[in-house]
Amino acid sequence: MSLSMTGYGQAILHHEGYKVRLELKSVNHRYCEVMMRIPREWTRYEDGLRRTVQQQIKRGRIDVFIHRERDEEQIPAARLNDTVVQAYLRAAEQLADRYGVKGTLGISDILALPDVLGEPGEACNGDEDDWEEQLQRALNKALQGLLEMRRREGGHLVQDVESRILRLESFHHEMAVLAPHVVSDYRNRLKNRLKELQDGSFTLDEHKFGMEIALFADRSNIDEELTRLQSHFGQCKRLLLSDEPAGRKLDFLIQEMNREVNTIGSKANHLTLVNLVVEMKAELEKIREQAANIE
């Protein structure tokens, strides 16, 4: 089933004393463009997060917002910087050995020294692999919400486009029924017109009259256009039911259908056909607007 390019998803991550909110918003775009807005110290994870998004979304502009704040629901645990503590202890031993300084470092003294306790939850001090894994897990959860919304929206779009294709097929059927009568209607109109103009000053040349009708029949023949339109309708239906991104192909088919309908309009010398062409062009324009939202 075709997907919409419009959607929203979010996920909340609680980790190491922090609450992290991931929000994903997607809108229409010709290609797949992923814009990341994340804390500066997490830019090292940006490429990996972007690849995760691109693996699941093929088309659209996706904005990824990652907000981090202290988690009030958790009591932050202070992180002991073992490397700094060991350095302070070695320095104390060196003071005692070199300068004969007496005394020992107590727990309160050590805790009061700079950088002994690190900030809880800071990615730069914590396990970087663990933070990246947690962010990837939260991103996948947000992506599932985004994709679910895109599927629902895509379902509505597909229903609307299919209903409009049915209308196009109805107009197509009317054209196919009407097309064989266009030449006979033209012949009758032309013959009646010539009779009205007949004042005895000229005679009706049946040969030339027949040639005129034959030329008109050739110029107004729309069998090829109707056949191609029928083929395009079928391709559109198959694309809409496909799991592959269909937006670009659908846009191309709409252009082709517009071209065929315009050709029929230029060939048609019949009021009812012209009216049907106008109706078809209106429906194609509505389909084009909807197709712009399909991935």
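Residues numbered from 1 in each chain as written. Predicted model: local features only at pLDDT ≥ 70, side-chain atom pairs only at ≥ 80, totals over all residues. Heavy atoms only, no water.

> I'd like to hear about the overall build of the protein, residue by residue, with values.
Helix and strand counts for the protein come out as eight helices and six strands. Helices and strands in the protein line up, N terminus first, as β-β-β-α-β-β-α-α-β-α-α-α-α-α. Put simply, the protein has 295 residues, and 37% of those count as buried. Within the protein, counting contacts between residues at least 6 apart in sequence, those at least 24 apart form 80% of the total. If you sum the accessible surface of the protein, you get close to 17,400 Å²; carbon and sulfur atoms cover 50% of it. (Helix = DSSP H or I, 4+ residues; strand = E, 2+ residues; numbered from the N terminus. Buried < 20%, exposed > 50% of the residue type's maximum accessible area, 1.4 Å probe, protein only. Contact = heavy atoms within 4.5 Å. Areas by Shrake-Rupley, 256 points an atom, 1.4 Å probe, with all protein chains shown as cover.)

> Which residues make up the sheet that holds strand 4 (residues 60–70), and what values go with them?
Spatial strand order, 1-2-4-3: four strands in an open sheet with mixed pairing. With partners counted over all chains shown, the strands left at the sheet margins are strand 1 (7–15) and strand 3 (32–37), one partner each. Each strand of the sheet is rotated relative to its neighbour by a mean of 15 degrees, with strand direction disregarded. Bridge count for strand 1 against strand 2 (residues 18–27) is nine bridges, and the pairing is antiparallel. For Gly7, the partnering residue across the bridge sits in strand 2 and is Ser26. This element, helix 1 (residues 46–56), spans strand 3 and strand 4 of the sheet and lies at about 145 degrees to strand 3. (Pairing = 2+ DSSP bridges. Axes fitted to C-alpha atoms, helices over the stretch in contact; angles between N-to-C directions.)

> Break down the pairing of strand 4 for me, with residues and values.
Looking at chain direction, strand 2 and strand 4 are connected through ten bridges and run antiparallel. Bridging from a neighbouring strand, Lys25 pairs with Asp63 of strand 4. Two elements, strand 3 and strand 4, share six bridges in a ladder whose sense is parallel. Counted as the bridge partner of Arg37 is Phe65 from strand 4. As for the winding sense of the linkage, the β-α-β connection from strand 3 through helix 1 to strand 4 is left-handed. (Right-handed = clockwise from strand over helix to strand, strands pointing away.)

> I'd like to hear about the pattern of salt bridges, residue by residue, with values.
Here the structure, examined in full by the defined rule, presents 20 salt bridges. One salt bridge in this structure joins Glu148 and Arg151, with 3.5 Å as the shortest N-O distance. In this pair, Glu148 and Arg151 both sit in helix 4 (residues 128–197), three residues apart, roughly one turn of the helix. Here Glu148 falls in the partly exposed class, since its relative accessible area comes to 35%. On the basis of relative accessibility, which here comes to 39%, the residue Arg151 falls in the partly exposed class. Several salt bridges share partner residues, and in doing so they unite Glu224, Glu225, Arg228, Glu260 and Lys267 into one network. (Salt bridge = Lys/Arg side-chain N within 4 Å of Asp/Glu carboxyl O.)

> Which residues make up a nonpolar patch on the surface, and what values do they have?
Nonpolar side chains collect at one region of the surface, where Leu80, Ile107, Leu111 and Leu117 lie side by side and expose about 400 Å² of accessible area between them. When its relative accessible area of 68% is taken as the criterion, Ile107 is described as exposed. (Patch = residues over 30% accessible without salt bridge, like charges linked within 9 Å, V, L, I, M, F, W, Y side chains within 5 Å.)

> Talk me through the environment of Arg21; I want residue IDs and the actual numbers.
In this structure, Arg21 sits in strand 2. Arg21 gets classed as partly exposed once you look at its relative accessible area, which sits at 28%. If near-sequence neighbours (up to four positions away) are discounted, Arg21 is found in contact with Gln10, Ala11, Ile12, Phe65, Ile66 and His67. A distance of 3.1 Å separates polar atoms of two side chains, one belonging to Arg21 and the other to Gln10. (Polar contact = N/O pair within 3.5 Å; in protein donor to acceptor, adjacent residues only side chain to side chain.)

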